[in-house]
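These are the residues of each chain, in order.
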Amino acid sequence: MNKDVILIVGSNGQLGTVLTEKLRLNYGAVNVIASDLYKKIGSEDNFITLDATDFKAVEEVVLKNKITQIYHLAAILSAKGEQNPLGTWDLNMKTLFNVLEVSRLHKVKKVFFPSSIAVFGENIDKENTLQSSNLTPTTVYGMSKVAGENWANYYFKKYGLDVRSLRYPGVIGYQSLPGGGTTDYAVDIFHKAVKNESFECFLDASTMLPMMYMDDVIRATLELMEADKEKLTIRTSYNIAGMSFNPEQIALSIKEYYPDFKIAYKPDFRQVIANSWPKCIDDTAARNDWNWKPEYNLNLMTKTMIENLK
Ligand code: AKB
């Protein structure tokens, strides 16, 4: 039987935690191998400790388990990346090269590589930023994603490796915490609100950024991976949009449930990163090619987050 066996690289992260669960529902737990640098308590089943900077280690896992699809999620994000620019470049690029090269050599059928709105920076129109906008990022994380998108396109064009990619906005979910991103505030704020604590925001009140609720993110990822190959016109990475809001707007929507909720603004170095990013994204190509359509807006997201975190 021609069954898929999936490897998730970076399964302990914000997205990996939820994606692993969903893929296991769809493909069967035995066919989805989670991997990361260390074992997380409660996620020991079908888990492999894997350092994706080690080519031989990635190759061994792929060969031993007859892997047919890889979701490569390991990366250092925008804010944390600025504390160690060269180390971030090294890790983000080396892990991607290992995944691409092992996939090419051993005929992995499909690879997913997440890109980000961090690919945008200088000289863009921040309202409805187009798929084809200038890509001059302001962070090393963004630089590694621009380079990664081009490598994905190169491996597809030169070797026929079916690499697919999305430019994720800020991801918001209750199941897991983000780590080291500029959009992290939009998750942290809910954890404070449900504990009846006030929140100090590292971005100013009016910083509008593209965001997406976790269910939409997971659905977009799976819809892209399951889309008809012939329909995909973008082999760098697709713009996708969910919603856009600023800290003041999310605080207001939380106040519907917690009227006494208090927010204070203390912008730090992450404000500069956020200022360089789009306010909202044009995702016409994703809508046209594989029928992308988000389901969550700010109010539905807030309701769902609070109900689940309470
Ligand atoms: C970050 O803030 O670095 C990430 C991203 C938008 O890619 N959440």
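A short tour of the structure in this document, coming up. (Residues numbered from 1 in each chain as written. Predicted model: local features only at pLDDT ≥ 70, side-chain atom pairs only at ≥ 80, totals over all residues. Heavy atoms only, no water.)

Moving on to the site of the ligand. Neighbouring the ligand are the residues Leu77, Ser78, Ser116, Ile117, Tyr141, Gly181, Thr182, Thr183 and Trp277. Between the ligand and Thr182 there is a distance of 2.7 Å, counted from an oxygen atom to a backbone nitrogen or oxygen. Contact between the ligand and Thr183: a nitrogen atom at 2.9 Å from a side-chain N or O atom of the residue. Taken by itself the ligand offers 260 Å² of open surface, and the protein chains cover 94% of this. Broken down by class, the residue content of the shell around the ligand amounts to four nonpolar, five polar and no charged. (Near = heavy atom within 4 Å. Polar contact = N/O pair within 3.5 Å; in protein donor to acceptor, adjacent residues only side chain to side chain. Areas by Shrake-Rupley, 256 points an atom, 1.4 Å probe, with all protein chains shown as cover. Nonpolar A, V, L, I, M, F, W, Y, C, P; charged D, E, K, R; others polar.)

Ranked by internal contacts, the top residues of the largest apolar core, which has 40 residues, are Ile172, Tyr185, Phe190, Phe245, Ile250 and Met301. When contributions to this core are tallied by element, the ones reaching two or more residues are helix H5 (140-159), helix H6 (185-194), strand E8 (199-201), strand E9 (209-213), strand E11 (243-245), helix H8 (247-255), helix H9 (269-275) and helix H11 (298-309). Counting contributing residues, this core receives three or more from each of domain 1 (6-169 + 213-239) and domain 2 (171-211 + 242-280 + 296-309). The residues contacting Phe190, other than those within four sequence positions of it, are Ile172, Ile250, Ile254, Met301, Thr302, Met305, Ile306 and Leu309. Counting 30 residues, the second largest nonpolar core, distinct from the first, contains Tyr71, Ala227, Trp290 and Trp292. (Core = buried A, V, L, I, M, F, W, Y, C linked by side-chain atoms within 4.5 Å. Buried < 20%, exposed > 50% of the residue type's maximum accessible area, 1.4 Å probe, protein only. Helix = DSSP H or I, 4+ residues; strand = E, 2+ residues; numbered from the N terminus. Domains from an automatic or database assignment. Contact = heavy atoms within 4.5 Å.)

With that settled, the discussion passes to H8. Among the residues of H8, Pro247, Ile250, Ala251, Ser253 and Ile254 are the ones counted as buried. The buried residues of H8 all sit within an arc of 160° when viewed along its axis, so they share a single face. In this structure, the buried residues of H8 make contact with H6, E8, E11, strand E12 (263-265) and H11. By the N-cap criterion, in which a side-chain oxygen at the helix start approaches the backbone nitrogen of a residue two or three places on, H8 is capped by Asn246, the distance to Glu248 being 3.0 Å. (Arc of directions from axis to C-beta.)

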